[in-house]
Structures are given as structure tokens and as C-alpha cells.
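Chains, contacts and geometry: an overview
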Amino acid sequence: MRAIDISIIGATGAVGAELIKLLESSQLPVSRLRLLASRTSVGRRLRFRDEICIVEPLDEIDDTQADIAFFSAGRAVSAKYGPLFAAQGALVIDNSNAFRMNPDVPLLVPQINPNALAARPRSGIVENPNCSAIQLVRALRPLVTAFHVHQIILTTYQAASGGGLKGIDELLEGSRAALAGRAPPRAKHFPFPLAFNVIPQVGEITSEGVTLEERKRLQESRKLLGLPHLRLTSSCVRVPVVNGHPEAVYLELEESVHVVQVRELLTLEPDFRLSVGGPHVGYPTPRHLTDPAIVHVARVKVNPENPYCLWIVADNLKVRRLTHLSS
Ligand SMILES: NC(=O)c1ccc[n+]([C@@H]2O[C@H](COP(=O)([O-])OP(=O)(O)OC[C@H]3O[C@@H](n4cnc5c(N)ncnc54)[C@H](OP(=O)(O)O)[C@@H]3O)[C@@H](O)[C@H]2O)c1
């Protein structure tokens, strides 16, 4: 395989840092790794394999050439610079939501719809879904394929890291202040101080009362699962956890299915771990994941009236999005 030229836009952020580690641990031959960020980070030195890479300011670069350009610097940056890199021949892999609903841009979860990337998209851009949508569709796919789902209702418990490094810092600073008996610092990144708190809002609230995060969950799940009429309602809640998003999912099926059948289907999924059994078997929590690269499911249970419930947890920064990175 020829060595490839990679740019990471947003290299100094929470997602960018994980991308660098993922590339480092892969077998992928890299001819050049260009690390780009805002002017704030110019000159930062980041290690990649045996080299030190100097972070460059995105808005001062002259050329946007690369074989692959990973974008994790937010929607506005992707919207402006994604097409410029794509026009110069790069395959743009975007982590923001700038193009997720664009019909010319595949929305890809390799374990769910690898064929979406069977041919290079005309737009030159591939979208990565919202982090909590990835783990959700990974658990739902075998169930919506095998059964008729009447509706899905879920609550997400989203960690501070979903708001980037600034979100983590705000939670840690607020926690230190509270433990020292000081007034919490003013919330900048979340609507209220997050330390020792729970906030029923992730993203902006629209005039219909849903948040943009909740709307994304519905739209992205429908697109990824190929079910344009899927009935799915979510409540997204920010919790004072540094990293790792749990989700409590309630599933109403039209037919009656034994819980063992549901569990069997889930055990067949790739990069997925199902914990089954009684109180001693355990279940995943954001701080205790046996493997941060995979999706964990437990507490699969059935109620007498038919609904099925699942507890899904994944590391939102490390969950394996690019299973076949080296192929
Ligand atoms: N956190 C998650 O769990 C998660 C998961 C999936 C997708 N995402 C998405 O990935 C993106 C990044 O998230 P994150 O959590 O990594 O955020 P983050 O920790 O705040 O990092 C943001 C990165 O973008 C860079 N940046 C910001 N404005 C820029 C500009 N005008 N020009 C160039 N670079 C700029 C920052 O550079 P400086 O350091 O120089 O400011 C930093 O490298 C967002 O779109 C987010 O929605 C996040």
C-alpha cells in the first residue's frame, strides 16, 4: 500500500488527540501528517510515531492537498474548509454535522453501512454521525432488521467530553470549586454549572421544544438504518461524567419476542459486547468499560406488555469508528 498524506483539522482537540493516537497504533503507512488548528495552538509540538509535528494555523495555509483530511473542528470550519480540501482531491472525513443530511454525502458507520463507501462519493466528503447516535444504531440495527419496531424512546446521559476539552475543563474546575466550598465558576460551555448537577439540555432548544441534539439523533438514525419513518424520541441529558455516554433505550416491538432472542441477535454484532445474567455479572458504566473501542450493552430486559429495554454505553471519544482503517 502506498504511503498516504493525512491532514487532521482540529488536531489539538478531544477528538483530534484520539485520532492521532488511533493513527499511531494503526499499520497505515503515512507519508505526511499535517496537524492543523486555530491560531491559539500555532507552534504546539505533538508527537506522532518517531516524529514531532508542529501545529499549523488552518487559516494561513496555502494548499489544501491531502489524500485524507479528518475534520474535527466544529461545523463552521468543516463547512468552509471541507469543500476546499475535497476540491483538491482529498477524501474528507468529517466529525461535525456540517453535511450529515446532504444526500451527496454518505453518513457512515463501518459496522452498519460499509457499502455507503463502496465508491468514492462525488462530493469527496464522508460524514461521521453524532457520537451518541453511533452506539445507538449499532445496538438497534439487528433488532430493527429482525423485528417490526413500533417505536423507540430513549434517554442519553452525555458526558462533559461531548462538549470537547473546554467541557471537560469546566466540569473539573466546577467540581474542584464545589469540593473546596467555593461558588461554582460561571457556566460558559453548558447552560448551567455541570459539577454535581444534571442538565436536561444538550445543544440549542428549538421552537418545537426539542434540542438540536435530539433532532440529530432522529434524523441520523433514520438515515443510517434506512428507515425514513422510524419513530424515535430521545431526551438528551448532560451529566457530570468526564467521558463516556450511557443510553437507556426502551423499544416497543409489534410482535412478542423472547428476551433470549434479543440477546442472541446482539451477541452477533461486530465490536460489541453484551453482558448477560444476574447481579454478579455486572454491567458497563462510563468509568468501567472493558474495552473503550467497542459498544457495551447490558440490562437487556423485557416487560410483560412487550417493550424491551437496553442499557448501552460507549466511550464517545474512543469507540471504534474506523474499524477497517488499514484496508
Ligand atoms: N467530543 C466528542 O465526543 C465528539 C464526538 C464526535 C464528534 N465530535 C465533533 O468533533 C468536533 C470537535 O470536537 P472536540 O470535542 O474535539 O472539540 P474540542 O476539544 O473543542 O476541539 C476543537 C478543535 O478544533 C480546533 N478549532 C476550533 N476553531 C477552529 C478554527 N476556527 N480553525 C481551526 N481550528 C479550529 C481547535 O483548535 P484550538 O485548540 O487551536 O482552539 C481544536 O483543535 C465537533 O464538531 C464535535 O461536534 C465530538
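Residues numbered from 1 in each chain as written. Predicted model: local features only at pLDDT ≥ 70, side-chain atom pairs only at ≥ 80, totals over all residues. Heavy atoms only, no water.

Below, the discussion takes up the overall build of the protein chain. From N to C terminus, the protein chain includes six helices and 14 strands. Against the compact-globule benchmark of 20 Å for 327 residues, the protein chain has a radius of gyration of 20 Å, which places it among compact chains. For the protein chain, the proportion of its 327 residues judged to be buried stands at 50%. In the protein chain, 65% of the contacts between residues at least 6 apart in sequence involve partners at least 24 apart. For the protein chain, the exposed area adds up to about 16,100 Å²; of that, 53% sits on carbon and sulfur atoms. Between the centroid of the 36 positive side chains of the protein chain and the centroid of its 32 negative side chains there is a distance of 3 Å. (Helix = DSSP H or I, 4+ residues; strand = E, 2+ residues; numbered from the N terminus. Rg over C-alpha atoms; globule rule 2.2 N^0.38 Å. Buried < 20%, exposed > 50% of the residue type's maximum accessible area, 1.4 Å probe, protein only. Contact = heavy atoms within 4.5 Å. Areas by Shrake-Rupley, 256 points an atom, 1.4 Å probe, with all protein chains shown as cover. Lys, Arg positive; Asp, Glu negative; His and termini not counted. Charge placed at Lys NZ, Arg CZ, Asp CG, Glu CD.)

On to the environment of D291. Topologically, D291 is positioned in the loop between β12 (272–274) and β13 (295–302). Once the C-alpha coordinates of D291 and P184 are considered, the two residues, 107 residues apart in sequence, prove to be 34 Å apart. With sequence-adjacent residues up to four places away left out, D291 is seen in contact with R273, H296 and R320. A polar atom in the side chain of D291 sits 2.9 Å from the backbone nitrogen of A293. (Polar contact = N/O pair within 3.5 Å; in protein donor to acceptor, adjacent residues only side chain to side chain.)

Take the pattern of salt bridges next. Per the counting criterion, the structure on display carries 14 salt bridges. The closest approach of N and O atoms between E60 and R39, which form a salt bridge, is 3.8 Å. One end of the pair, E60, is in the loop between β5 (56–57) and β6 (68–71); the other, R39, is in the loop between β2 (30–37) and β3 (45–48), with 21 residues separating them in the sequence. Note on E60: relative accessible area 48%, which makes it partly exposed. Among the residues examined, R39 registers a relative accessible area of 53% and is labelled exposed. When salt bridges that share partners are traced, they join R39, D59 and E60 into one network. (Salt bridge = Lys/Arg side-chain N within 4 Å of Asp/Glu carboxyl O.)

This part covers the sheet that holds strand β10 (residues 232–238). With respect to topology, six strands assemble into an open sheet ordered β10-β9-β11-β14-β13-β12, the strand pairing being mixed. Every other strand in the sheet has two partners, leaving β10 and β12 as the edge strands with one partner each. Between one strand axis and the next, the sheet turns by 20° as a mean value, whatever way the strands run. Strand direction decides the pairing type here: β12 and β13, joined by three bridges, are parallel. (Pairing = 2+ DSSP bridges. Axes fitted to C-alpha atoms, helices over the stretch in contact; angles between N-to-C directions.)

Here the focus is the site of the ligand. Around the ligand sit 25 residues in total, of which T12, V15, S38, S41 and S161 are the nearest. Contact with the protein chains hides 76% of the accessible area of the ligand, taken as 900 Å² for the molecule alone. At the level of elements, α1 (14–25) and α4 (164–179) are the ones that each hand at least two residues to the shell around the ligand. When the residues that make up the shell around the ligand are grouped by side-chain class, the tally is 10 nonpolar, 14 polar and one charged. (Near = heavy atom within 4 Å. Nonpolar A, V, L, I, M, F, W, Y, C, P; charged D, E, K, R; others polar.)

Looking now at the domain arrangement of the protein chain. Taken as a whole, the protein chain is organised into domain 1 (4–128) and domain 2 (132–159 + 198–314). At the boundary of domain 1 with domain 2, total buried surface from both sides reaches about 1,100 Å², with 64% on carbon and sulfur atoms. If you look at where domain 1 meets domain 2, you find one salt bridge. Linking R100 and E220 is a salt bridge whose minimum nitrogen-to-oxygen distance equals 2.8 Å. Considered class by class, the residues forming the side of domain 1 that touches domain 2 number six nonpolar, five polar and one charged. (Domains from an automatic or database assignment. Buried area = accessible area lost by both parts, 1.4 Å probe.)

Moving on to the packing of aromatic side chains. Tallying each qualifying case throughout the model produces two aromatic pairs. Plain terms: the ring middles of F71 and F85 are 5.5 Å apart, the flat faces sit at 85° to each other, and that makes the pair edge-to-face. Residue F71 is found in strand β6, and its partner F85 is found in helix α2 (residues 75–87); the two are separated by 14 residues along the sequence. The two residues F71 and F85 agree in class, both being buried. (Phe/Tyr/Trp six-rings, centres within 6.5 Å; stacked < 30°, edge-to-face > 60°.)

Now for the confidence of the model for the protein chain. Scored by pLDDT, the protein chain comes out at a mean of 93, with 96% of its residues at no less than 70. Considering only residues more than four positions removed or in separate chains, one finds that residues 323–327, a stretch of pLDDT under 50, has 10 contacts. (pLDDT = per-residue confidence, 0-100.)

Okay, the nonpolar core next. Ranked by size, the top nonpolar core spans 35 residues in total, and within it L140, I152, V249, L266, V297 and L310 carry the most contacts. Within the residue set of this core, elements represented by two or more residues are α3 (131–146), β9 (149–158), α5 (212–225), β11 (245–253), α6 (259–267), β12, β13 and β14 (308–314). Here this core takes seven residues from α3, the largest share from any one element. Ignoring sequence-local partners within four residues, the contact set of L140 consists of I152, L225, L232, V249 and L251. Ranked by size, the runner-up nonpolar core spans 22 residues in total, among them A11, L28, I68 and L91. (Core = buried A, V, L, I, M, F, W, Y, C linked by side-chain atoms within 4.5 Å.)

Once that is clear, we can look at the sheet that holds strand β8 (residues 125–127). Spatially, the six strands line up as an open sheet ordered β5-β2-β1-β6-β7-β8, and their pairing is parallel. With partners counted over all chains shown, the strands left at the sheet margins are β5 and β8, one partner each. As defined by bridge partners, β6 adjoins strand β7 (residues 91–94) across four bridges and the pair is classed as parallel. The partner of I68 across the bridge, within β7, is L91. Along the sheet face, α2 touches β1 (4–9), β2, β6, β7 and β8 and points at about 175° away from the line of β6.

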